[in-house]
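These are the residues of each chain, in order.
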Amino acid sequence: MRKRSVKIEDCTEIIIESGEYYYTSDGTQKETCAVLIIGNPNEVALIDVIAVKANCHLDSTVMVVDGWHMYDSLFPSAFDHPLPASERITPFCTGNVADAMSSPAQIMSSQNNAMIKYRLTRKGERFRIRVRFVENPYPCNSLIMDYEGSVTISNYGMRRNCTIAVMTPAKLNVTSIRVGPQRDLFFKAGNPLFKDCKEEGAADYVEVRQGPQTEIETTELQTISNYCGRTSNTDSLRFVLPCESNAIRLVSSGAFTNQVTFTFDALNPEEASSECEA
């Protein structure tokens, strides 16, 4: 039995379930709207653009974005994504409002989030999409909107930067860290964990960052601290992050298999009253 299509009602809509979704303009839309698609951290979004009616010559547009583009910010950041920003936006439009796509187009995101940005100003302009979430065998960047959880971030031995963005105030506890070489001139004798590795010239390190809700480009967030080393004794790596945009960012040269595990949960009322100073 075919699942019923879901109508997109709000200008900002969040999709967390696989299914078919559609929007038809009544001719009153003036602003640009967004469908925010987000799966689990170990998934990517597979988007089938089934149909589009949008006269791009008359200011109407439908675009699929590999990531989220909000408040003039982009997640994942250009420093953390495998594609340049220009290749992460795929526009769909027809020269005449009476025309439509002849065949579906399929786009797979590079991480667990993607979005549809659209402005359809004429009555009858529309789009229809099918969204599925599939497993990502080598997850890197992920956006999380949960209030608690446990996440492991790894470069899988590759030269790449990976960021987990937690989009809510949170208590964060790094439970295990394996970043960089086992022994190095940066590491003090008997101390397997080192701080300020980036400042000392290390090519592999993990950063904790935070900033306001309007900043989702995580490389623009304030850096609280950065670490490298290899230990599961991380009692000191606990952070209270009152800001609404927080990130764990793993920078990797490709010379080592780096991995960081952390847990996060909601702030208590006293912690939540702290001001975001980013």
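Residues numbered from 1 in each chain as written. Predicted model: local features only at pLDDT ≥ 70, side-chain atom pairs only at ≥ 80, totals over all residues. Heavy atoms only, no water.

The next point concerns the sheet that holds strand S1 (residues 6–7). A sheet is described by the order of its strands in space; here five strands give the open sequence S1-S3-S12-S5-S10, paired in mixed fashion. Every other strand in the sheet has two partners, leaving S1 and strand S10 (105–108) as the edge strands with one partner each. For strand S5 (residues 43–53) and S10, the ladder comprises four bridges, and the chain directions are antiparallel. What sits directly across from Val 49, in S10, is Ala 105. (Pairing = 2+ DSSP bridges. Helix = DSSP H or I, 4+ residues; strand = E, 2+ residues; numbered from the N terminus.)

What follows deals with the confidence of the model for the protein chain. In this model, the protein chain carries an average pLDDT of 89, and 91% of its residues clear a pLDDT of 70 or more. Helix H1 (residues 269–272) is the least confidently modelled element of the protein chain, averaging 76 in pLDDT, while strand S4 (residues 33–38) averages 97, the highest of any element. (pLDDT = per-residue confidence, 0-100.)

Another aspect to go through is the nonpolar core. Membership of the largest hydrophobic core comes to 30 residues, with the highest contact counts inside it found for Phe 239, Val 260 and Phe 262. Here this core gets five residues from one element, more than from any other, and that element is strand S16 (residues 170–179). Setting aside chain neighbours within four positions, we find Phe 262 in contact with Gly 149, Ser 150, Val 151, Ile 164, Val 166, Leu 172, Asn 173, Val 174, Thr 175 and Ile 248. Counting 24 residues, the second largest nonpolar core, distinct from the first, contains Cys 33, Ile 47, Val 52 and Ile 129. (Core = buried A, V, L, I, M, F, W, Y, C linked by side-chain atoms within 4.5 Å. Buried < 20%, exposed > 50% of the residue type's maximum accessible area, 1.4 Å probe, protein only. Contact = heavy atoms within 4.5 Å.)

Residue Pro 76 is reached from Phe 75 by a cis peptide bond, and omega for that bond is -5 degrees. Tracing the sequence through the fold places Pro 76 in the loop between strand S8 (73–75) and strand S9 (89–92). Positive phi, normally seen in glycine, also occurs at Asp 72, with a value near 60 degrees. On the secondary structure map, Asp 72 appears in the loop between strand S7 (68–70) and S8.

The element S4 is largely enclosed, with a buried count of six among its six residues. Going residue by residue along S4, you find Cys 33, Val 35 and Ile 37 tucked away on one face and Ala 34, Leu 36 and Ile 38 tucked away on the opposite face as well. Judged from the four bridges that link them, strand S2 (residues 12–15) and S4 form a sheet pairing that is parallel. Directly across from Ile 14, in S4, lies its bridge partner Leu 36. Two elements, S4 and strand S11 (residues 113–119), share six bridges in a ladder whose sense is antiparallel.

This structure, assessed with the given rule, holds nine salt bridges. A salt bridge links Arg 130 to Glu 20, with the nearest nitrogen and oxygen atoms 3.5 Å apart. Taken together, the residues span a long stretch of sequence, with Arg 130 in strand S12 (residues 126–135) and Glu 20 in strand S3 (residues 19–24) at a distance of 110 residues. Looking at Glu 20, the relative accessible area reads 9%, which means it is buried. In this structure, Glu 207 and Arg 249 form a salt bridge, with 3.3 Å as the shortest nitrogen-oxygen distance. Highlighted residues: Glu 207 in strand S18 (residues 205–211) and Arg 249 in strand S21 (residues 245–251), separated in sequence by 42 residues. With respect to class, Glu 207 is no different from Arg 249; both count as buried. It is possible to trace a salt-bridge network through shared partners that takes in Glu 20, Asp 48, Arg 128, Arg 130 and Arg 132. (Salt bridge = Lys/Arg side-chain N within 4 Å of Asp/Glu carboxyl O.)

Scanning the entire structure with this criterion turns up one cavity of 30 Å³ or more. Its boundaries defined by the atoms lining it, the largest cavity holds a volume of some 40 Å³. Forming the boundary of the largest cavity are Val 174, Val 206, Val 208, Tyr 227, Leu 237, Phe 239, Ile 248 and Val 260. For the lining of the largest cavity, the residue count by class is eight nonpolar, no polar and no charged. (1 Å grid on protein atoms, 1.4 Å probe; cavity = no way out; pocket = protein on both sides within 12 Å on 5 of 7 lines; lining within 4 Å. Points joined across faces, edges and corners; volume = space filled by probe spheres on them. Nonpolar A, V, L, I, M, F, W, Y, C, P; charged D, E, K, R; others polar.)

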